[in-house]
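Each chain, written out:
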Amino acid sequence: MDAAPRSGAIVSVLAAAGILVSLMQTLIVPLIASLPRLLNTSAANASWAITATLLAGAVATPVAGRLGDLYGKRRVMVASALLLALGSLVCAPANSLAPMVAGRALQGLGMGVIPLGISIMRDVLPPRKLGSAIGLMSSSLGVGGALGLPAAALVAQHASWHALFWGSVGLGLLMTVLLIAVVPESPVRAAGRFDVVGALGLSTGLVLLLLPVSKGGDWGWSSPVTLGMLAASAVVLLLWGWWELRAPAPLVDLRTSARRQVLMTNLASVVIGFAMLAMSLITPQLLQLPEATGYGLGRSMVEAGLWMAPAGLFMMAVSPLAARLSATRGPKVSLLLGAVVIACGYAMALVLMGSTWGILIFSAVVSAGIGFAYAAMPALIMSAVPRSETAAANGLNSLMRSIGTSTASAVIGVVLANMTVHLGPVTLPSEDGFRAGFVIGGGVALLAALLVLAIPGRAASDRPAHAQSTLTEAEATG
């Protein structure tokens, strides 16, 4: 097979895998209101079906990255796809809480696919195709989320909700076959053994951090459980850092992660992740609130999903532009532009939030900024780390985004829960609450821009794509 068609097939399969993984995050959204009835449980308990995926994905991403560096990135991607299919199989016949939570956790263990896919691209693609391929793979997160909401709503509305998970079983198995048949194994391997103590320490610290962030609204932000878990997470993560600095083959190379280029990119990833999820939390509610509120647009779940879908497609559409800009001016410029565009989109939201077309326009602008940012972050990370640590470094970067999205869920949730109006017997988020959410999202995007300015101006990240793809370990560590 010719190199160009072969490369195209590899990129297509990897991007499709990324879209499938991101679909799992929105698969259950149309069912949220009905889950207590469907699973014969309370609303607070039903929320574990979402929390389980979040926690499992956060834990799995850095671990899967390190496993990929050590034992083969495609091998770990195939295992992730099988776990996703297995989780869907557990959820499909479920009529109670326990199997649903267990299955959703297994689905979350497949979330390492996107950073692994980006790392494989660095190892097997021709240099001239690397930038656009990374942009496409990065944008798959937004595309899957945007398409998943209306698709899942349509299936849930016109068929049994179990069909969502049976379909996911088939898609997971199909993706497994395609990964084996089309994607070559990366020849790059890291030396050393897997850091079991580091993996357990990081997993424990992340659960202790993200669980109270996710459930603090239910437990109370000042409750002993919430504060105790947050304090425990700080202690565990400090001990984990102490171990990682002394381990001969650490799960995460903290010395590499502390380099200014890697550190500032990861910090920017946290706030970009916050800005992305803030939009995803606010716009569906605006679209679906009753028109009687004076600011709600009265759309159904399916209609709301269809109005939101173009934003995700717009993210994919700008990825070639982001790659071209990164190749000519450096990924730092792309990341800075992305943060500024996101801030502009949130400013537009304050003016355009009163109509469906207005929501489509400003959400597309925000998504375009996210597309630029997400395409640039892996390039910045990969140009600053050894090739043998690419998957682990990308996994850590994805984890930073997950921390940002979890924080956004908590912060925006608190804002909308405390700024409310009454419509008859129902309490709803107020217009001022939504405006406050947009202001927070825009402010966070500006913070991201300031963090980007602290990235070294003419660092390795500003090399052309062919130089990035051939960076040796000596160059990365020197």
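The structure this text deals with has already been given above.
Residues numbered from 1 in each chain as written. Predicted model: local features only at pLDDT ≥ 70, side-chain atom pairs only at ≥ 80, totals over all residues. Heavy atoms only, no water.

A.B. asks: Explain the environment of Ala 15 residue by residue, including any values.
C.D. replies: In this fold, Ala 15 is placed in helix H1 (residues 3-26). The exposure class of Ala 15 is buried, given its relative accessible area of 6%. When sequence neighbours within four positions are dropped, the list of residues in contact with Ala 15 reads Leu 136, Met 137 and Ser 140. (Helix = DSSP H or I, 4+ residues; strand = E, 2+ residues; numbered from the N terminus. Buried < 20%, exposed > 50% of the residue type's maximum accessible area, 1.4 Å probe, protein only. Contact = heavy atoms within 4.5 Å.)

A.B. asks: Describe the layout of surface pockets, with residues and values.
C.D. replies: In this model, the second largest pocket occupies a volume close to 390 Å³. Sorting the residues of the lining of the second largest pocket by element identifies helix H10 (196-219), helix H11 (224-246), helix H12 (254-257), helix H13 (260-288) and helix H17 (390-418) as the ones contributing at least two each. Looking at the lining of the second largest pocket residue by residue, the class counts come to 15 nonpolar, 2 polar and no charged. (1 Å grid on protein atoms, 1.4 Å probe; cavity = no way out; pocket = protein on both sides within 12 Å on 5 of 7 lines; lining within 4 Å. Points joined across faces, edges and corners; volume = space filled by probe spheres on them. Nonpolar A, V, L, I, M, F, W, Y, C, P; charged D, E, K, R; others polar.)

A.B. asks: Which residues make up the side chain of Thr 51, and what values do they have?
C.D. replies: Locating Thr 51 in the fold gives a position in helix H4 (residues 48-71). Classification of Thr 51 as buried rests on a relative accessible area of 6%. What Thr 51 contacts, discounting residues up to four positions off in sequence, is Leu 211, Ser 214 and Lys 215.

A.B. asks: Could you give an account of the environment of Gln 25, naming the residues involved and the relevant values?
C.D. replies: Within the secondary structure, Gln 25 sits in helix H1. For the pair Gln 25 and Gly 148, spaced 123 residues apart in sequence, the C-alpha to C-alpha distance is 8.3 Å.

A.B. asks: Summarise the nonpolar core; cite the residues concerned and give the values.
C.D. replies: Formed by 97 residues in total, the largest nonpolar core has its most connected members in Leu 14, Leu 179, Leu 335 and Phe 438. If you tally residues by element for this core, the top one is H13, at 12 residues. Those residues in contact with Leu 14, other than ones at most four positions away along the chain, are Met 77, Gly 117, Ile 120, Met 121, Met 137, Leu 179 and Val 183. Grouped together as the second largest cluster of nonpolar side chains are 18 residues, Leu 55, Leu 208, Leu 210 and Leu 251 included. (Core = buried A, V, L, I, M, F, W, Y, C linked by side-chain atoms within 4.5 Å.)

A.B. asks: Report on the pairing of strand E1 (residues 420-423), specifying residues and quantitative values.
C.D. replies: Bridging between E1 and strand E2 (residues 426-429) involves 4 bridges; their strand directions are antiparallel. The residue bridging Leu 423 from the neighbouring strand is Val 426, located in E2. Linking two consecutive strands that pair antiparallel, namely E1 and E2, is a turn of 2 residues; a positive phi of about 65 degrees is found at Gly 424 within it. (Pairing = 2+ DSSP bridges.)

A.B. asks: Outline empty space enclosed by the protein, supporting the account with residue identities and numerical values.
C.D. replies: Under the criterion given, the structure shown has 2 cavities of 30 Å³ or more. Empty space within the second largest cavity amounts to approximately 60 Å³. If you list the elements that add at least two residues to the lining of the second largest cavity, you get H1, helix H5 (73-91) and helix H9 (162-182). Partitioned by chemical class, the residues of the lining of the second largest cavity number 7 nonpolar, 3 polar and no charged.

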